[in-house]
Amino acid sequence: MSLALLQALTAAHTDAPLRFGIIGTGCIGQEHLRNLHLIPEAQVVAIADTHEPSLEAGLETLRKQGADGGVVCVANYRELLALPQVDAVLVATPNDHHRECLR
């Protein structure tokens, strides 16, 4: 997902910051974390990854941005999807796992 598309999505949500959950915090997930940090109307509130080193890398990316406070970290994407504070989700898992997450 491009930065311009993320900006357009968050601009349409004017009440408060659009609260994102990121499923998959490997290389692509971390790119999404960095892009969302550039958008004032976006806030990452949760991350999920079954691979512990990737989850920790995602959290480290948030720490470097000063945006790790209050972020929920879970291994199971279903836990992330059940969180009431998540308004929107970015799926950044390997392509062959997207369908499972979206169902």
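Below is a short write-up of the structure. (Residues numbered from 1 in each chain as written. Predicted model: local features only at pLDDT ≥ 70, side-chain atom pairs only at ≥ 80, totals over all residues. Heavy atoms only, no water.)

**Some thoughts on the sheet that holds strand β4 (residues 88-91)**
Under the convention used in this document: Any two strands between which DSSP finds at least two bridges are classified as paired. A run of H or I in DSSP counts as a helix once it spans at least four residues, and a run of E counts as a strand once it spans at least two, with each numbered from the N terminus. The angle between two axes is taken between their N-to-C directions and runs from 0 to 180 degrees, where each axis is a line fitted to C-alpha atoms and a helix contributes only its stretch in contact. Throughout, a residue-residue contact means that at least one pair of heavy atoms, one from each residue, lies within 4.5 Å.
Strands sit in the order β3-β2-β1-β4 across an open sheet of 4 strands; the sheet is parallel. Edge strands, defined here as strands with exactly one partner in the open sheet, are β3 (72-74) and β4. The average undirected angle you get between the axes of adjacent strands in this sheet is 30°. When strand β1 (residues 18-23) meets strand β2 (residues 42-48), the two strands line up parallel, connected through 6 bridges. Pairing of Phe20 across the sheet is with Val44, part of β2. Packing of helix α2 (residues 27-37) onto the sheet brings it into contact with β1, β2 and β4, and relative to β1 it is tilted by some 165°. Here helix α3 (residues 52-65) sits on the sheet in contact with β2 and β3, set at roughly 160° to β2.

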